[in-house]
Amino acid sequence: MALEIKILGPWEITSNGEPMKLAGERRVGVLARLALSTGQAVSAEQLLTDVWGQSTATTASKQLHIVVSKLRGLISPNEDDEVIVTVPGGYWLNIERESVDAHLFTQLAHQASAARARGDLATADGLFRQALALWRGDALAGMTAPWAQVESARLEEERLTALEDHFDMRLAAGDHHAVVSELAVHAETHPLRERPRAQLMLALYRASRQSEALAVYQDTRRLMLDELGLEPGGALCRLQQAVLRRDPGLDLASPAQRTTLTELAIPIELPPGTRSFTARAAEIAWLHTTLTDTVPGRPVVAAIDGPGGMGKSALAIHAAHAVGDRFADGVLYLDLRAATAGLQPLSPFQALGRLLRSLSPDGTVLPPTLDEAAARYRSLTSTRNLLIILDNALDARQVRPLIPAGSACAVIITSRQIMASLDGLSHLHLTGLDHADATALLARIADPGRVEAEPEAAQQIVRHCGGLPLALRIAAARLAARPDWTLSHLADQLTDTTRRLATLVHADLDIRTSIAAGLQHLPDEPSGRDAVHAFLLLGLLETRTPTAAVASALTDWPEHRAEAALDHLVDARLLESAGPGRYRMPDLIRLYAREQAARHVPEPARGAVVRHVFHRVALPREAYGWATNSRDNLLAMAR
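Reading the values: rules and limits
Residue indices follow the written sequence of each chain, beginning from 1 at its first position. Confidence filtering applies because this is a predicted model: local features only for residues at pLDDT of at least 70, side-chain atom pairs given and counted only at 80 or more, and all residues used for totals across whole chains, interfaces and linings. Excluding hydrogens and water, the side-chain values take into account all heavy atoms of the structure. Pairing between strands is defined by DSSP: at least two bridges between them are needed. We count a stretch as a helix when DSSP gives it H or I for four or more residues in a row; a strand needs E for two or more, and each element gets its number in order from the N terminus. Axis angles are defined between N-to-C directions and span 0 to 180 degrees, where every axis is a line fitted to C-alpha atoms and, for a helix, only to the segment in contact. Note on contacts: a residue pair is in contact if any heavy atoms of the two residues lie within 4.5 Å. Note on ring pairs: Phe, Tyr and Trp rings are taken, using the six-membered ring of Trp, and paired if centres are within 6.5 Å. Classes follow the plane angle, with under 30 degrees stacked, over 60 edge-to-face and the rest tilted. Throughout this description, buried means an accessible area under 20% of the type-specific maximum (1.4 Å probe, protein chains only), exposed means over 50%, and partly exposed covers the range between. In protein, a polar contact requires one atom able to donate a hydrogen and another able to accept it; more generally it is a pair of N or O atoms within 3.5 Å, and residues adjacent in sequence count only if both atoms are side-chain atoms. pLDDT measures the predictor's confidence residue by residue and takes values from 0 up to 100. Between Lys or Arg on one side and Asp or Glu on the other, a salt bridge is scored when a side-chain nitrogen of the former is within 4 Å of a carboxyl oxygen of the latter.

Student: Which parts of the structure should I look at to understand the sheet that holds strand β9 (residues 387-393)?
Tutor: The strands making up a sheet are joined through hydrogen bonds of the backbone, oriented either antiparallel or parallel. Taken together, the 5 strands give an open sheet; going across it, the order is β8-β9-β10-β7-β11, and neighbouring strands pair in parallel fashion. Strands with a single pairing partner mark the edges of an open sheet, and in this sheet they are β8 (331-335) and β11 (425-429). Going across the sheet, the axis of each strand differs from the next one's by a mean of 15°, ignoring polarity. The sheet contact formed by β8 and β9 spans 5 bridges and is parallel. Counted as the bridge partner of Asp335 is Asp391 from β9. Against the sheet, helix α12 (residues 312-323) contacts β7 (300-305), β8, β9, β10 (410-415) and β11, and its axis sits at roughly 165° relative to β10.

Written out as structure tokens, the structure reads:
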């Protein structure tokens, strides 16, 4: 049938693959109740009891009739046959049982058990995986009626049974190494279920981890005594004794059984490297050493920080390609989106969801809360040998839950911020390219012959790009795209400060966008808004070295508040620290601040602000504004 109803997670109904909007608690309740009994009639009395509950409204029967009529009007126009059929005393949902995911799950689980019983383990494995992949969350999620809670609990028990049956089959097939991390997550999520605890003990024992298997028993016993006042059941106690004496009965019955059911998918998620990658030899050597050194008891974490456009991502990906084959369980890559203007950075929960899907490609249901997702992530990474790249991170709060648990793992973090509050990190502070390396990058993309033919113009381009790899890549790409241009032509455009930012745009590369991302991702709180305001007002001045006193005069704030705003801009790498209370603004960022000031600060206000600063702070005449050439002009503008 074209109609599909999904209740193993958030409610969803589709027709011919297109989602249908179904609003109203009672409409959803009636359709869900009928769906759970697909192929059987449900009496009107039962529907009223379940969906209307304790309501004693005399019009309840009429309300049920109206709800069914509305449902038919919504569904039937999209179907050839009437979907909700009236039968004596009630209603019947006229669709195939497999069109309801709960019934399809039950059918697949039964087929998997039958295939297992006849020894067809490969077929059974596939069927179990299909069945479990249907789950998208808690069954009947969001429905609070008593009947829905009962059905949800029943379906959840069926899911857990199927999951544990699948684990049993995989253990019998010698898949113990692959299931350890999954069983650890399952046992932690359901700590009072003894069956997965026993399965985990057996998997660990067969993986030659006897002490860990015994530790699982002790943890289980302690938990059950604390929570229930009970000792573990007989099966778990007997298993503990068997582990202690290394009972041969715990081993696989024959070598022929030692066949992994499915080849473990190893994620290799690295984006391709940049073909024009140039220089950074010392940084690459540092990363190679850091990532390949092991630290007892914890993963290796290398954090690369630097301003936007400095080439942090390119360096991280280049280094990861060089060492990736050392990590037997693969390489994960995640863009945390703190360097993309117009997009919100991923929340820790969103980021964990993506990582967990990479680590559990068989469709395992994701935990519903951040704490549970973080716990599962720690379990899945505790025994793996992974390289994880966390690119474009916002701050330590976003990254902290994403650090894996396994000491055989390594992590590369790139961020504009220095992750000083995270323990155990090795830091690499990335700065601009020197003159020779910047020229080499320009030549590599634009054509070495053209650079050699116009060395002076090439030096001008390099100087106006300020050693910033992104700016150099854009300038070189423009030259490569226009072979008829001379380097002098581009150098002249960059020399004009009113055109420089507009010149540094090519295809999807834009220097303005990189700077804007730093402003956008400042905290949405008073301190962050102060920083944005101070940034705009700094654009009214020509000085490259503002001070806290200048910012105080610009904003008319106390100096400590102005200094706090400037420190936020330093964290966002929109300013550089030049000592206590002193700062530097790089040229390209200063030009962007000037543009934003012209756009957002009304002209009369600009004059008033500049006059206020002039009277409060002693600065060189040239610092007072790109709109004036002399002290007299400045004061005239201010008036």
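Picking up after the structure, the text goes on.
Student: How should the packing of aromatic side chains be read in this particular structure?
Tutor: Note on aromatic pairs: each is described by the distance of the centres and the angle between the planes. One pass over the structure, following the stated rule, counts 2 aromatic pairs. When the ring of Phe535 is compared with that of Tyr592, the centres are 6.3 Å apart and the planes differ by 45°; the resulting orientation is tilted. Placement of Phe535 in helix α23 (residues 526-538) and of Tyr592 in helix α26 (residues 587-600) is noted, with a sequence separation of 57 residues between them. As far as burial versus exposure is concerned, Phe535 and Tyr592 are alike and both buried.

Student: Please clarify how the environment of Asp510 should be interpreted in this entry.
Tutor: In this fold, Asp510 is placed in strand β13 (residues 509-510). According to the relative accessible area criterion, Asp510 is partly exposed, its value standing at 21%. On a C-alpha basis, the gap between Asp510 and Ala471 in space is 8.3 Å, while along the polypeptide they are 39 residues apart. Residue contacts for Asp510: discarding those within four places in its chain leaves Ile474, Leu504 and Val505. Among the polar contacts listed, one links the side chain of Asp510 to the backbone nitrogen of Arg512, at a separation of 2.9 Å.

Student: What is the right way to read the confidence of the model for the protein chain from this model?
Tutor: Interpretation of this model should avoid reading the predicted coordinates in detail wherever pLDDT is low. The pLDDT averaged across the protein chain works out to 88; a share of 90% of its residues lies at or above 70. In this model, residues 255-260 is a region of pLDDT below 50 whose contacts with residues beyond four sequence positions or in other chains number 10 contacts. Low pLDDT, under 50, characterises residues 621-639; the predicted model gives this stretch 38 contacts beyond four residues in sequence or across chains.

Student: Help me understand the pattern of salt bridges in this model?
Tutor: Side-chain pairs of opposite charge can arise where the charged atoms are in close proximity. Scanning the entire structure with this criterion turns up 30 salt bridges. With a closest N to O distance of 2.7 Å, Glu151 and Arg154 form a salt bridge. Placement of both Glu151 and Arg154 in helix α6 (residues 146-172) is noted, with a separation of 3 residues, approximately one turn of the helix. Arg154 gets classed as partly exposed once you look at its relative accessible area, which sits at 36%. For Arg590, the salt bridge identified is with Glu542, shortest N-O distance 3.2 Å. On the criterion of sequence distance, the pair formed by Arg590 in helix α26 and Glu542 in the loop between α23 and α24 (548-555) is long-range, its members being 48 residues apart. Here Arg590 falls in the buried class, since its relative accessible area comes to 7%. Among the residues examined, Glu542 registers a relative accessible area of 19% and is labelled buried. Put simply, Glu157, Glu164, Asp165, Asp168, Arg193 and Arg195 are held in one network by salt bridges that share partners.

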